[in-house]
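What follows is the residue order along each chain.
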Amino acid sequence: MQQTKIFIAMLAAAAVLTGCGGGDDGDDVTINIEQTTDDTGSGSDGGDSGSGGTGVLPDGAPDASKAFVTYNSDYSVGTLEGIIDEDVTLVSSIEWRLAGVVQVGEGNVAVTTDADVQAIKDAGVTLTVEPGTNIRSFDDGTLLVTRGSMLMADGTAAEPITFSSVADADFDGLGEWGGVIIQGFATQYGQGGTGACYGTGTVCNVEGEGGTDVSVFGGNEDDDNSGIIRYVRIAEGGRIAGPNNEINGLTLQGVGHGTTIEYVQVHQNLDDGIEWFGGTVNAKYVVLTGNDDDDIDFDEGFKGNIQYALIEKDPNASGPQGSNDPRGIEANSSDADYTPETDAVIANVTIIGSEVNKAANSSGDDGQPGMRLRGSLITGVYNSAVANFTDCVRIDDSDTDGDGTVDSFSNVTLENVIGDCDDAFYARRAADVETNTDINTTLSFTATRAIAEPVAQLDSVTSITAVDNGSGFVFDPTNYIGAVDPAAASGWWEGWTIPGSVNAVEPAEASFVTCADDVCTVTGRIDEDYTFVAGYEWRLSGEVIVGEGNVSVATDADVQAVKDNGVTLTIQPGVHVRAFDDGSLLVTRGSKLEAAGTPSSPITFSSAADDDLEGLGEWGGVIVQGFAPQYGQGGTGACYGSGNVCNVEGEGGTVVGNFGGNDPADDSGTIRYVRIAEGGKIAGPNNEINGLTLQGVGYGTTVEYVQVHQNLDDGIEWFGGTVNAKYLVLTGNDDDDIDFDEGYKGNIQYAIIRKDQTATAPQGSNDPRAIEANSSDQDYTPETEGALANILIIGSDMNKAGGEPAMRLRGALTSRVYNTAITAFTDCVRIDDADTDGAGTMALSDVTLDNVIGQCDEDFYSHEEPDATAGIVQANSVTVDGAYALTDAEAVVTAPTFVPVDNGSGFTFDSTGFIGAVEPGTAAADAWWAGWIIEGSLD
């Protein structure tokens with residue numbers, strides 16, 4: 001990692017002080033912001049990490065003098081070629097490329113003695129890949145890790161490691177490069193019953209599949225360790241190396257059980273997804289999507305265990321693109337190629353087919369089974385399901401001498417295996433041992449890809465005996481059929497797999513959407529439940545309105561009718577919504593926005609004008625309306641008066657219409673792991689669009705892990721309502737970042753606010769504060785009540801141009817602020833009461849500050865002081881590290897007594913003993929904002 005320090009010096013007069021005290025004007029202040037840069041990238045789609053571009057080689061990356069690596073001029077791209085002959089780390093801040101066969105170590109040479117084997121191990125090297133790294137290959141590229149060396153590709157759910165093609169930015173395209181091949185010293189068994197590869201000795205030299213450079217693998221060490229492959233995605237591979245010599249997405253040749261393989265996805269591979277050639281390595285949590293041949297293939301004496309695999313054939317393909325016979329599972333080879341030592345146990349697998357496995361292949365064969373188990377193998381399959389294949393299971397024995405008589409038999413056990421196949425459950429013979437099997441039933445799948453039917457729920461856990469390969473592997477006890485537990489709220493595959501690759505479906509036809517290639521344009525009113533599916537770019541043309549709840553209502557019956565007619569817009573993780581300059585999204589009351597991204601696949605809203613995420617006012621924004629109360633300015637009370645209905649005219653354009661009601665618990669959906677950038681188009685005089693506008697939104701709505709970046713107006717503004725929020729990042733916005741008024745009653749915890757560090761003044765007609773609460777004087781709304789905790793506010797020259805305070809709390813509101821830090825503003829806090837009639841009749845604000853520190857140019861308080869203080873409330877140095885946690889000693893405090901706003905939600909603040917948005921001591925990579933925000937927005 002690189003350590004950089006940003007020194008912001010503000011010079012006013014001769015005296016030098018390190019704090020900003022009330023009444024001490026004209027001080028020189030130096031603010032030290034110490035930043036540790038991880039440059040991990042967001043990992044959201046594999047295309048926007050690799051910030052590089054510094055002109056300095058990042059720490060930990062291989063030196064440019066090494067023969068196997070070359071860099072572009074700014075070190076944002078590194079190309080690997082030839083043999084990696086020393087330990088190397090691929091740092092995530094660089095996009096790496098594979099040119100030709102990139103070989104790790106030199107263990108694929110022939111060995112004749114144990115001393116040769118030991119020499120290979122002694123000379124072995126380790127290739128380490130950091131979480132979030134993207135490795136993109138040219139068409140001739142392949143990664144080959146030879147025996148005796150290791151691949152340490154240990155990603156995380158938030159930052160998976162991705163292998164794909166350099167040919168394009170997406171992850172769809174069969175055979176665009178080779179794949180990943182791992183070799184080891186574990187045992188391989190020869191076809192035709194020839195036994196272990198080492199025969200009567202101890203060494204092996206088995207010629208591997210995958211091209212002429214692959215050469216040899218194998219040995220007699222079943223506990224051999226080739227490294228870790230965890231949270232890794234491999235896409236677009238399967239280039240043909242030669243006749244009957246394709247490259248699988250992940251090829252495992254003689255790999256031992258000391259190796260870890262879990263949370264691995266292979267997507268859109270022209271050949272198999274994962275193939276085991278002998279070896280003993282077990283695997284868990286595997287996702288195989290859109291592959292053109294088999295998904296799981298094991299042979300040549302593989303002895304191992306596999307649990308939790310989700311297999312989905314390409315739902316949009318009408319037939320295989322290569323010379324393939326696409327099955328979900330293929331085990332062993334047949335007849336004269338039989339290998340009776342092959343022994344595997346598989347549990348909790350879901351196999352979902354499509355037309356691709358039913359169509360004729362290049363040989364004229366059609367109707368592939370979901371599983372083909374053949375060639376004298378031993379296999380047990382438990383708690384698994386097959387759907388949408390011609391037949392579910394085909395079991396074959398072997399005619400080993402070609403005389404037409406079966407003389408070697410497979411031994412297959414099926415327990416709790418169910419199917420929904422077109423013709424038959426068994427294509428040929430039945431399993432040797434069956435329990436609760438041969439059920440050809442109707443199967444459907446939930447959004448988590450669990451089986452929806454009750455048949456998937458078992459009365460008790462299944463006892464499964466693992467293959468004894470020396471690993472001590474134990475199957476998790478499960479009482480359900482399929483890869484995903486029907487009782488789980490989410491699937492284990494969610495959040496780290498390639499967006500849109502699981503349950504890949506084409507967009508539904510609707511009057512308001514038109515699609516061409518991979519771009520769908522939405523216009524007008526969304527009047528039915530609809531999903532923006534991943535794998536497509538969605539564009540907003542004009543004001544796109546969800547539902548019709550912004551009409552005027554007069555009675556409770558009208559309100560109920562709006563709710564009954566409400567629609568839900570669902571946006572899948574990883575979707576990018578781009579708007580034209582006249583575009584905005586308006587979700588009306590009674591309808592919902594379900595935008596639940598994930599750390600590795602956040603949902604992004606931005607402009608269609610360009611490919612970056614920088615540019616103020618390039619489109620509108622996101623407006624969400626609800627039936628929660630709004631309170632009128634001037635002390636006029638609840639919008640519903642003495643009744644139950646409201647029709648409050650909303651800000652944000654002529655089509656916004658009405659919002660509000662008398663339902664504090666109203667639910668407008670979910671906004672989680674969502675990034676909104678480049679918005680704030682001016683809708684009219686004093687009628688701008690915020691990045692996220694919340695109008696009368698109730699606390700039944702979830703708002704957390706949200707970023708608004710480079711908005712021309714406010715970041716997030718609450719107009720009344722009761723919706724709480726947590727984990728906000730507000731960067732480069734031109735006006736206020738958090739703004740609440742019109743009787744908002746709610747709570748906010750954890751927010752990082754950072755003004756544009758390069759701007760010298762606001763670009764719009766704005767007064768850029770970090771927090772503005774309520775309106776002033778005759779527009780006062782005394783019902784407004786907000787409690788905020790753990791906020792970090794970092795200003796810049798742009799807010800100093802007009803001398804704005806960091807927080808302006810005004811207009812007879814009630815506000816409590818806890819554990820908050822401010823730096824780089826003219827004044828830290830301004831508190832105002834309200835002159836309600838212009839004649840000096842005052843309505844007082846009620847402000848409490850508890851553990852609030854600030855380092856500002858002039859005053860801590862620019863006007864009034866708060867009504868109550870507790871803990872540390874003072875001018876103080878503010879220094880943050882790369883995690884945006886404070887490093888000052890004063891940042892560690894006794895947790896205050898948090899008093900949340902009682903809006904009916906039952907919200908409770910996390911009891912934090914620190915000032916700022918991130919707990920001191922947190923590593924930058926572990927901060928709650930890391931991995932999902934817009935890359936570079938906190939650099």
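Residues numbered from 1 in each chain as written. Predicted model: local features only at pLDDT ≥ 70, side-chain atom pairs only at ≥ 80, totals over all residues. Heavy atoms only, no water.

The name that an unreviewed UniProt entry assigns to the chain is Lipoprotein, with the source organism given as Halioxenophilus aromaticivorans.

Trainee: An account of the state of the cysteines is requested, with residue identities and associated values reported.
Mentor: Evaluation of the coordinates by the stated rule reveals 5 disulfides. There is a disulfide in this structure between Cys 515 and Cys 520, and the S-S distance comes to 2.0 Å. Judged by the sign of its S-S torsion, about 110 degrees, the bond between Cys 515 and Cys 520 is right-handed. Look at Cys 520 and you get buried, because its relative accessible area is 0%. For the chain, the disulfide bridges join cysteines in the arrangement 1-2, 3-4, 5-6, 7-8, 9-10, where the cysteines are counted in sequence order. (Disulfide = S-S within 2.5 Å. Buried < 20%, exposed > 50% of the residue type's maximum accessible area, 1.4 Å probe, protein only.)

Trainee: Provide a residue-level description of unusual backbone geometry, including the pertinent values.
Mentor: Even without being a glycine, Arg 449 presents a positive backbone phi close to 75 degrees. With respect to the helices and strands, Arg 449 occurs in the loop between β31 (433-440) and β32 (513-516). Look at Arg 449 and you get buried, because its relative accessible area is 8%. Phi at Asn 819 is positive, roughly 50 degrees, even though this residue is not glycine. Take Asn 819: it is sitting in strand β56 (residues 814-823). By relative accessible area, which is 0% here, Asn 819 ends up buried. (Helix = DSSP H or I, 4+ residues; strand = E, 2+ residues; numbered from the N terminus.)

Trainee: Please set out the pairing of strand β7 (residues 126-129) residue by residue, giving values where relevant.
Mentor: Burial along β7 is one-sided: Leu 127 and Val 129 are buried, and none of Thr 126 and Thr 128, which face the opposite way, are. With 3 bridges joining them, strand β5 (residues 88-90) and β7 adopt parallel strand pairing. Residue Leu 90 lies in a different strand from β7, and its bridge partner there is Val 129. (Pairing = 2+ DSSP bridges.)

Trainee: Residue-level account of the packing of aromatic side chains, with values.
Mentor: Taken as a whole and assessed by the stated rule, the structure comprises 32 aromatic pairs. With a centroid separation of 4.9 Å and an interplanar angle of 90 degrees, the aromatic rings of Phe 425 and Tyr 426 are classed as edge-to-face. Accessibility classification places Phe 425 together with Tyr 426 in one group, the buried group. An angle of 40 degrees between the planes, with centres 5.4 Å apart, marks the rings of Trp 718 and Tyr 744 as tilted. With Trp 718 in strand β49 (residues 716-719) and Tyr 744 in the loop between β51 (738-741) and β52 (745-754), this residue pair connects regions lying 26 residues apart in the sequence. Summarising the burial analysis for this pair, Trp 718 and Tyr 744 share the class buried. (Phe/Tyr/Trp six-rings, centres within 6.5 Å; stacked < 30°, edge-to-face > 60°.)

Trainee: Outline the environment of Pro 326, listing residues and values.
Mentor: Considering the arrangement of structural elements, one finds Pro 326 in the loop between β23 (303-312) and β24 (329-331). Accessibility expressed as a relative area gives 2% for Pro 326, which makes it buried. The spacing of Pro 326 and Asp 272 is 54 residues in sequence and 8.4 Å in space, taken between C-alpha atoms. In contact with Pro 326, not counting residues within four places along its chain, are Asp 292, Asp 293, Asp 294, Lys 313, Pro 320, Val 356, Asn 357, Gln 368 and Phe 389. (Contact = heavy atoms within 4.5 Å.)

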